[in-house]
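Read off the chains here:
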Amino acid sequence: MKRKVCTFGLASVIGTAGIFTPFINNTASAQTQQEIQKKRSDVNSSIESKRKEVAKLQKQQEQLEEKAKKLDEKALDTSNKIEDKKAEHKKAKEEVAKLKKEIKETEKRIKDRSEKIKQRVRSLQENGGSQSYVDVLLGAQSFGDFITRATAVSTIMDADKDLLEEQEKDKNKLEEAMTDLNNKLDEIQTTLADLKKLKKDLDQQLKNQGKLSKQLKEKQNKAESELNSLKDQAGSLTKEEVALQQKIKAEKANEAVAKKAQQESKAVEKHSGSSSDGKSSGSSHNGSSSKSSKGSSRNYSSGSAVSSNSGAIEGAISAGSSLVGKTRYVFGGGRTQSDIDNGRFDCSSFVRWAYASAGVQLGSGLSASTSTLISKGRAVSQGDMKRGDLVFFDTYKTNGHVGIYLGNGRFLNCNTSHGVSIDNMSGGYWKNHFSGVVRRVVE
């Protein structure tokens, strides 16, 4: 009796050419993996280069903003000087009006003195019947009359001399006053013209800085977009390499199975000999695999909610107003307790501190900036703004300055010229730079 050997359907698994297929696939897969690794190396090199480019553009942007900020501070200081010089010019005009009045009074005194001199001469002429002091003396009838006339003439001449001296002093005084005033007016006009020219130049420089900043920002956005694209490529290549590695691993596993099957087949053939009546019965079984994937979730910020602390507005304004005239502007100040204790703030840290004093948090002391405050609360139109709203101004950059609206066109802020102060946003520098952006952080 011949023993039947079960081959488990090896012929159906192995096949004639199937034994060698994995070796071919392995070679091709390895070559593909090398190509992917080279591509990824090139992409990583491009990513590093692009990162340096982005960092360089960011540094240039920061330098540009710092320069623009200094220009804006100088423009604000120049605007204040122009206002001061206009006030000085107005005062000088008032002095001119006052001097003109004095001139009229002096001219009247001169006229009165001239009239007195004429009257004295006329009196001498009538008494002596002559037209000169000498004739008056020569017309004396006696020595006693001569003495009397000489005394009278001497007295009159002394009086006339005093009058003439007073006349000369008044004239000199008027001439000096007019000269000084004209010089002062000329100086004011010259200084005012120079300040206006400087302000115009500063505005033009700020405008040019704005254009450069916009161009630089576009370059930065483009470079960041290219960087993100390169990162996506690197990610895709990584996924492709991982998939390829899994494929190679599977091919190696299949190769091992094929080799084992081949060995088992040879063993069966050797054991069964040359008998042809042995039948093999195979059985097959299929494994099952399952894949599981994890979903990903994203959290999207819905923005900062408007505070409903009804008393916070007046509390913040009261706290902020208590520092008027007691602080100085320091860029980056107000973010430590030491700065706060010593009255060193910039615009955004002051606004954050004022509302924090009233129990409304607009961000931490280290993170507060116009860029973060612009996202707080909700936007309202310029026509609907009310007391306590945050108002933004386009200074060294878009929305580069912030303050708290008080109503009637006035706002509370910390600026480079006066530190914490209450200023008018309906005219002058602030009117020209108000962006129309208003945020309501407390209802």
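Scope of this entry: the structure provided in the associated data block. For clarity, every value in this text was computed on a predicted model and none was experimentally measured.

### A word on the overall build of the protein chain
Line of reasoning, step 1. Helix and strand content of the protein chain: nine helices and eight strands.
Line of reasoning, step 2. Taking all 443 residues of the protein chain together, the buried fraction comes to 33%.
Line of reasoning, step 3. For the protein chain, restricting intrachain contacts to residue pairs at least 6 apart in sequence, the fraction spanning at least 24 positions comes to 70%.
Line of reasoning, step 4. For the protein chain, the computed accessible surface area is about 28,600 Å², with 49% contributed by carbon and sulfur atoms.

### Let's talk about helix H7 (residues 347-357)
Line of reasoning, step 1. Of all 11 residues making up H7, nine are buried, and the element is well covered by its neighbours.
Line of reasoning, step 2. Within the span of H7, buried status applies to Cys 347, Ser 348, Ser 349, Phe 350, Val 351, Arg 352, Trp 353, Ala 354 and Tyr 355.
Line of reasoning, step 3. Looking one or two residues past H7, Gly 359 carries a phi angle of roughly 90 degrees, positive in sign.

### Describing the environment of Thr 372
Line of reasoning, step 1. Residue position: Thr 372 is located in helix H8 (residues 370-373).
Line of reasoning, step 2. Separated by 10 residues in sequence, Thr 372 and Leu 362 place their C-alpha atoms 8.5 Å apart.

### Details of the nonpolar core
Line of reasoning, step 1. In terms of nonpolar packing, the biggest core is built from 29 residues, with Phe 350, Val 351, Trp 353, Tyr 355, Leu 362, Leu 390 and Ile 404 touching the most fellow members.
Line of reasoning, step 2. Elements represented by at least two residues in this core include exactly helix H5 (312-321), H7, strand S4 (390-393), strand S5 (401-407) and strand S6 (410-415).
Line of reasoning, step 3. Counting residues per element, this core draws most heavily on H7, which supplies six residues.
Line of reasoning, step 4. By size, the runner-up hydrophobic cluster in this structure holds 18 residues, among which are Ala 68, Leu 76, Phe 411 and Trp 430.

### Quick notes on the side chain of His 433
Line of reasoning, step 1. Mapped onto the secondary structure, His 433 falls in helix H9 (residues 428-433).
Line of reasoning, step 2. Relative accessible area serves as the criterion here: at 12%, His 433 is assigned to the buried category.

### Considerations on unusual backbone geometry
Line of reasoning, step 1. Phi angles above zero are rare outside glycine, and Asn 399 is one such case at about 55 degrees.
Line of reasoning, step 2. Tracing the backbone shows Asn 399 in the loop between S4 and S5.
Line of reasoning, step 3. The phi dihedral of Asn 408 is positive, around 55 degrees, even though this residue is not glycine.
Line of reasoning, step 4. With respect to the helices, strands and loops of the structure, Asn 408 is situated in the loop between S5 and S6.
Line of reasoning, step 5. Here Asn 408 falls in the exposed class, since its relative accessible area comes to 76%.

### Digging into the environment of Asp 72
Line of reasoning, step 1. Take Asp 72: it is sitting in helix H2 (residues 21-128).
Line of reasoning, step 2. For Asp 72, a relative accessible area of 8% translates into the label buried.
Line of reasoning, step 3. The sequence separation of Asp 72 and Thr 416 amounts to 344 residues, and the corresponding C-alpha distance is 9.5 Å.
Line of reasoning, step 4. Apart from residues no more than four positions distant in its own chain, Asp 72 is found in contact with Leu 206, Thr 395, Tyr 396, Tyr 429 and His 433.

### Overview of the packing of aromatic side chains
Line of reasoning, step 1. Summed over the entire model, instances satisfying the criterion amount to seven aromatic pairs.
Line of reasoning, step 2. Judged by centre distance (6.1 Å) and plane angle (80 degrees), the ring pair of Phe 345 and Phe 350 falls under edge-to-face. Residues Phe 345 and Phe 350 agree in their burial class; the two are buried.
Line of reasoning, step 3. Counting every residue linked through ring pairs, the aromatic cluster contains Phe 393, Phe 411, Tyr 429, Trp 430 and Phe 434.

### Here's the deal with the side chain of Thr 395
Line of reasoning, step 1. With respect to the helices and strands, the residue Thr 395 is situated in the loop between S4 and S5.
Line of reasoning, step 2. In this view, Thr 395 contacts Asp 72, Gly 400, His 401, Tyr 429, Trp 430 and His 433; residues no more than four positions away in its chain are not counted.

### Quick word on the pattern of salt bridges
Line of reasoning, step 1. A full pass over the atoms with the stated rule returns 15 salt bridges.
Line of reasoning, step 2. Its salt-bridge partner being Lys 85, residue Glu 88 comes within 3.0 Å of it at the nearest N-O pair. In this pair, Glu 88 and Lys 85 both sit in helix H2, three residues apart, roughly one turn of the helix.
Line of reasoning, step 3. Among the residues examined, Glu 88 registers a relative accessible area of 33% and is labelled partly exposed.
Line of reasoning, step 4. Under the relative-accessibility criterion, Lys 85 is labelled buried at 17%.
Line of reasoning, step 5. In this structure, Lys 184 engages Glu 95 in a salt bridge whose closest nitrogen and oxygen atoms are separated by 3.7 Å.

### Here's the deal with the pairing of S4
Line of reasoning, step 1. Going residue by residue along S4, you find Leu 390 and Phe 392 tucked away on one face and Val 391 and Phe 393 tucked away on the opposite face as well.
Line of reasoning, step 2. Pairing between S4 and S5: four bridges, direction antiparallel. Bridge pairing in S5 places Leu 390 opposite Ile 404.
Line of reasoning, step 3. Taken together, the three bridges between S4 and strand S8 (residues 434-440) define a ladder with antiparallel strand orientation. The residue bridging Val 391 from the neighbouring strand is Val 438, located in S8.

### Details of the sheet that holds strand S7 (residues 419-424)
Where strands meet in a sheet, backbone hydrogen bonds hold them as pairs that are either parallel or antiparallel.
Line of reasoning, step 1. Across the sheet, six strands lie side by side as S3-S8-S4-S5-S6-S7; this open sheet has antiparallel pairing. At either margin of the open sheet sits one strand with a lone partner, and together these are strand S3 (378-380) and S7. Within this sheet the neighbouring strands show an average axis-to-axis angle of 35 degrees, counted without direction.
Line of reasoning, step 2. In this sheet, S6 lies alongside S5 in antiparallel orientation, the contact comprising three bridges. Looking at S6, one finds that Ile 404 is bridged to Leu 412.
Line of reasoning, step 3. Packing of H7 onto the sheet brings it into contact with S4, S5, S6 and S7, and relative to S5 it is tilted by some 45 degrees.

### Comments concerning a nonpolar patch on the surface
Line of reasoning, step 1. On the surface, Phe 143, Phe 146 and Ile 147 cluster together into a nonpolar patch covering about 310 Å² of accessible area.
Line of reasoning, step 2. Considering the arrangement of structural elements, one finds Ile 147 in helix H4 (residues 143-272).
Line of reasoning, step 3. Residue Ile 147 is classed as partly exposed on the basis of its relative accessible area of 39%.

Cut-offs and rules
Residues numbered from 1 in each chain as written. Predicted model: local features only at pLDDT ≥ 70, side-chain atom pairs only at ≥ 80, totals over all residues. Heavy atoms only, no water. Helix = DSSP H or I, 4+ residues; strand = E, 2+ residues; numbered from the N terminus. Buried < 20%, exposed > 50% of the residue type's maximum accessible area, 1.4 Å probe, protein only. Contact = heavy atoms within 4.5 Å. Areas by Shrake-Rupley, 256 points an atom, 1.4 Å probe, with all protein chains shown as cover. Core = buried A, V, L, I, M, F, W, Y, C linked by side-chain atoms within 4.5 Å. Phe/Tyr/Trp six-rings, centres within 6.5 Å; stacked < 30°, edge-to-face > 60°. Salt bridge = Lys/Arg side-chain N within 4 Å of Asp/Glu carboxyl O. Pairing = 2+ DSSP bridges. Axes fitted to C-alpha atoms, helices over the stretch in contact; angles between N-to-C directions. Patch = residues over 30% accessible without salt bridge, like charges linked within 9 Å, V, L, I, M, F, W, Y side chains within 5 Å.

Keep in mind that these numbers describe shape and distance, not what the molecule does.
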